[in-house]
Amino acid sequence: MCRWLAYTGAPVFLDELICKPAHSLIEQSLCATEAKSPTNGDGFGIGWYGDRSEPGLYREVLPAWNDPNLKSLAYQIRAGMFFAHVRASTGTASSRPNCHPFAHGRWLFMHNGQIGGYQRLRRRLEGMIPDRYYDHRLGTTDSEVLFYLLFGNGLDVDPVGALSATLAQVHQVMAEEGVGEPLRFTAALSDGRSIYAVRHASDQAPPSLYWRAANCAGGSISIVSEPLEEPETWQSVPADRVLVVGPDLSVGFEDLDFLRPAADRAAE
């Protein structure tokens, strides 16, 4: 399992969250406390929004704790919205295209978890990526497949609906192929204005996910796999909900529509 953080709010230097806290993301790459594996050393990545509509991206296969370039960039880059991710591979190669976050157009996406039985499902799921997006896929992870499935399910128009439709799509394929292993999924995506973070699992063990609002000048919202410090100040994201942070830092929760009873959906 991987560890990640997402930040939006008053511009900060990236090292304030990636490097400096007692349980920073770099510390979690060495010693995570709420993950299946304590070590997340199969690469890392950062994505940030600056003066352009499309995000910057830096990904590398070195462990986060062993790359001086990451510390140097984090010390210099100041942003009002950024993603950071440390990777623990669930079976695919340690390569730069397999490191998160993934970017396409104005969107950033990163993921922790896995699709149960992915090797059995891979060909079918890849075939569901719309042709206009398929050639943009560079890696071999289930995470990147999920990212491009989101576009086919209307990400640009309805991000929460796209998340629900994509998860429903994967669940259906898993059921049709008789896969018994669970789907576990915490993810964040952003268009540079809002952040959408989701926590879901097909069993009773969704990966950990927390959020916190800070009242510093300008305010901010941080969303993390594990609290960076002062655990009592972080709130757990409820399972099967989408945390939506708006451009004004408003926070709301939305349901994954595919989990609602069919009768309720039909009545709307």
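What you see is a predicted model, and the numbers here were worked out from it, not measured in a lab.

Looking at the pattern of salt bridges
At step 1: In the structure shown here, the tally under the stated rule is 12 salt bridges.
At step 2: Among the salt bridges present, the one from E144 reaches R137, with a minimum N-O distance of 4.0 Å. Comparing E144 with R137 shows no difference in burial state: the two are buried.
At step 3: Of the charged contacts in the structure, one is a salt bridge between E230 and R212, with a shortest N-O distance of 3.9 Å.

What to know about the sheet that holds strand 12 (residues 241-245)
At step 1: Spatially, 5-6-7-8-12-13 is the arrangement adopted by the six strands of the open sheet, whose pairing is antiparallel. Single-partner strands in this sheet number two, and they are strand 5 (102-104) and strand 13 (251-255). Within this sheet the neighbouring strands show an average axis-to-axis angle of 20°, counted without direction.
At step 2: Note that strand 7 (residues 184-190) and strand 8 (residues 195-201) share seven bridges and pair antiparallel. In the strand pairing of strand 8, S190 is matched with I195.
At step 3: The strands that helix 6 (residues 142-152) touches are strand 5, strand 6 (107-114) and strand 7; relative to strand 6, the one it contacts most, it runs at about 130°.
At step 4: Strand contacts of helix 7 (residues 159-176): strand 6, strand 7, strand 8, strand 12 and strand 13, with the helix running at about 25° to strand 8, the strand carrying the most contacts.

Overview of unusual backbone geometry
Among all residues except glycine, the phi angle is most often negative; among peptide bonds, the trans geometry is most common.
At step 1: The omega torsion of the bond from H100 to P101 falls at -5°, within 30 degrees of zero and hence cis.
At step 2: The topology assignment puts P101 in the loop between strand 4 (78-86) and strand 5.
At step 3: For D240, which is not glycine, the phi dihedral falls at a positive 65°.
At step 4: Position of D240 among the secondary structure elements: in the loop between strand 11 (235-236) and strand 12.
At step 5: Its identity is not glycine, yet L249 carries a phi of approximately 70°, on the positive side.

Conventions used here
- Residues numbered from 1 in each chain as written.
- Predicted model: local features only at pLDDT ≥ 70, side-chain atom pairs only at ≥ 80, totals over all residues.
- Heavy atoms only, no water.
- Salt bridge = Lys/Arg side-chain N within 4 Å of Asp/Glu carboxyl O.
- Buried < 20%, exposed > 50% of the residue type's maximum accessible area, 1.4 Å probe, protein only.
- Pairing = 2+ DSSP bridges.
- Helix = DSSP H or I, 4+ residues; strand = E, 2+ residues; numbered from the N terminus.
- Axes fitted to C-alpha atoms, helices over the stretch in contact; angles between N-to-C directions.
- Contact = heavy atoms within 4.5 Å.

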